[in-house]
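# A look at the structure
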Amino acid sequence: MTSYEFTCPDCGREIPVTDPMRDATLVNGCPVCGRSVTADHFAT
Ligand SMILES: [Zn+2]
């Protein structure tokens, strides 16, 4: 499964995520602070 490294621009948290987690984060925002994020905040 594809995985990504999410880096929150607000709280700075770096979180490895899978594809479905990435989709959920794009909808719900950062899991730590709730900031809305875009695809730019995920690195492969
Ligand atoms: Zn955050």
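Residues numbered from 1 in each chain as written. Predicted model: local features only at pLDDT ≥ 70, side-chain atom pairs only at ≥ 80, totals over all residues. Heavy atoms only, no water.

Naming follows an unreviewed UniProt entry, where the chain appears as Zinc ribbon domain-containing protein of Haloarchaeobius amylolyticus.

### Let's talk about the nonpolar core
If you look at the biggest cluster of nonpolar residues, it comprises eight residues: Tyr4, Phe6, Cys8, Ile15, Val17, Cys30, Val37 and Phe42. Those elements that place two or more of their residues in this core are β1 (3-7) and β2 (14-18). In this structure, cysteine 30 is in contact with Phe6, Cys8, Cys11, Thr25, Arg35 and Val37, ignoring residues within four places of it in sequence. (Core = buried A, V, L, I, M, F, W, Y, C linked by side-chain atoms within 4.5 Å. Buried < 20%, exposed > 50% of the residue type's maximum accessible area, 1.4 Å probe, protein only. Helix = DSSP H or I, 4+ residues; strand = E, 2+ residues; numbered from the N terminus. Contact = heavy atoms within 4.5 Å.)

### As for the packing of aromatic side chains
All told, the structure shown has two aromatic pairs when counted by the stated rule. Taking 6.5 Å as the distance between ring centres and 80° as the angle between the ring planes, the aromatic pair formed by tyrosine 4 and phenylalanine 42 counts as edge-to-face. One end of the pair, tyrosine 4, is in strand β1; the other, phenylalanine 42, is in strand β3 (residues 42-43), and 38 residues separate them in sequence. Each member of the pair, tyrosine 4 as well as phenylalanine 42, carries the same accessibility label: buried. Ring centres of phenylalanine 6 and phenylalanine 42 lie 5.0 Å apart, and the angle between their planes is 35°; this geometry places the pair in the tilted category. With phenylalanine 6 in strand β1 and phenylalanine 42 in strand β3, this pair connects stretches of sequence that are 36 residues apart. Among the aromatic residues, those joined into a ring-pair cluster are Tyr4, Phe6 and Phe42. One cation-aromatic arrangement involves arginine 22 over tyrosine 4; the distance from NZ or CZ to the ring centre is 4.8 Å. One residue, arginine 22, lies across the ring of phenylalanine 42, its end atom 5.3 Å from the ring centre. (Phe/Tyr/Trp six-rings, centres within 6.5 Å; stacked < 30°, edge-to-face > 60°. Lys NZ or Arg CZ within 6 Å of the ring centre and 35° of its normal.)

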